[in-house]
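Chain by chain, the residues run as shown.
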Amino acid sequence: MSRDFDENIGQSSAGAAVEHPPVSLYAKKQMPHELGIPIHKSFPDKLYAILSDPKWQHIISFKEDGRSWQVRDKQLLEQEVLPHYFRSSKYFSFTRKVVIWGFRRSGKATYYHELFCRDRRDLVVQMT
């Protein structure tokens, strides 16, 4: 390459600098806020948002009593839900967080926590 060519890179014919958008070599993963999903900080807050969203009800939802919740389809949870809310989309990682946050298993893929109830988001902030 000649020196004249190198000096002209990034400039228009009038000599002004040309702005180029950054180019990624990888496909950009859509983040939750780009999909219209609110960003939540704590695990219980994210879980509450998932359980409150009607589009995930066939995958994960509160039980009829509103005091416990159930994973209905583990595979769809990994493929469709977890990638939008968490770094890891592995079911094992998800259930580990469930246990760490004090949820107790009350049946097959069903969990309970005394401060985690449908229509009581105010209690979620008390979870530590």
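Higher on the page you've got the structure.
This section reports on the structure supplied with the text. (Residues numbered from 1 in each chain as written. Predicted model: local features only at pLDDT ≥ 70, side-chain atom pairs only at ≥ 80, totals over all residues. Heavy atoms only, no water.)

### Some remarks on the environment of Thr110
Stage number 1. One can find Thr110 in strand 4 (residues 110–112).
Stage number 2. Take Thr110: its relative accessible area is 6%, and that puts it in the buried class.
Stage number 3. Here the alpha-carbon distance between Thr110 and Val71, two residues 39 residues apart in the chain, equals 6.6 Å.
Stage number 4. Apart from the residues within four sequence positions on either side, Thr110 is in contact with Lys63, Ser68, Trp69, Gln70, Arg104 and Arg105.
Stage number 5. In terms of polar contacts, Thr110 uses its side chain to reach the backbone carbonyl oxygen of Lys108, at 3.0 Å. (Helix = DSSP H or I, 4+ residues; strand = E, 2+ residues; numbered from the N terminus. Buried < 20%, exposed > 50% of the residue type's maximum accessible area, 1.4 Å probe, protein only. Contact = heavy atoms within 4.5 Å. Polar contact = N/O pair within 3.5 Å; in protein donor to acceptor, adjacent residues only side chain to side chain.)

### Brief notes about the sheet that holds strand 4
Stage number 1. Read across the sheet, four strands follow the order 1-2-4-3 without closing on themselves; strand pairing throughout is antiparallel. Both edges of this open sheet fall to strand 1 (60–62) and strand 3 (104–107), since each of them pairs with a single strand only. Strand-to-strand, the axes of this sheet are offset by a mean angle of 30 degrees, without reference to chain direction.
Stage number 2. On top of the sheet, helix 4 (residues 91–100) reaches strand 1, strand 2 (68–71) and strand 4; it is set at about 170 degrees to strand 2, its chief contact. (Pairing = 2+ DSSP bridges. Axes fitted to C-alpha atoms, helices over the stretch in contact; angles between N-to-C directions.)

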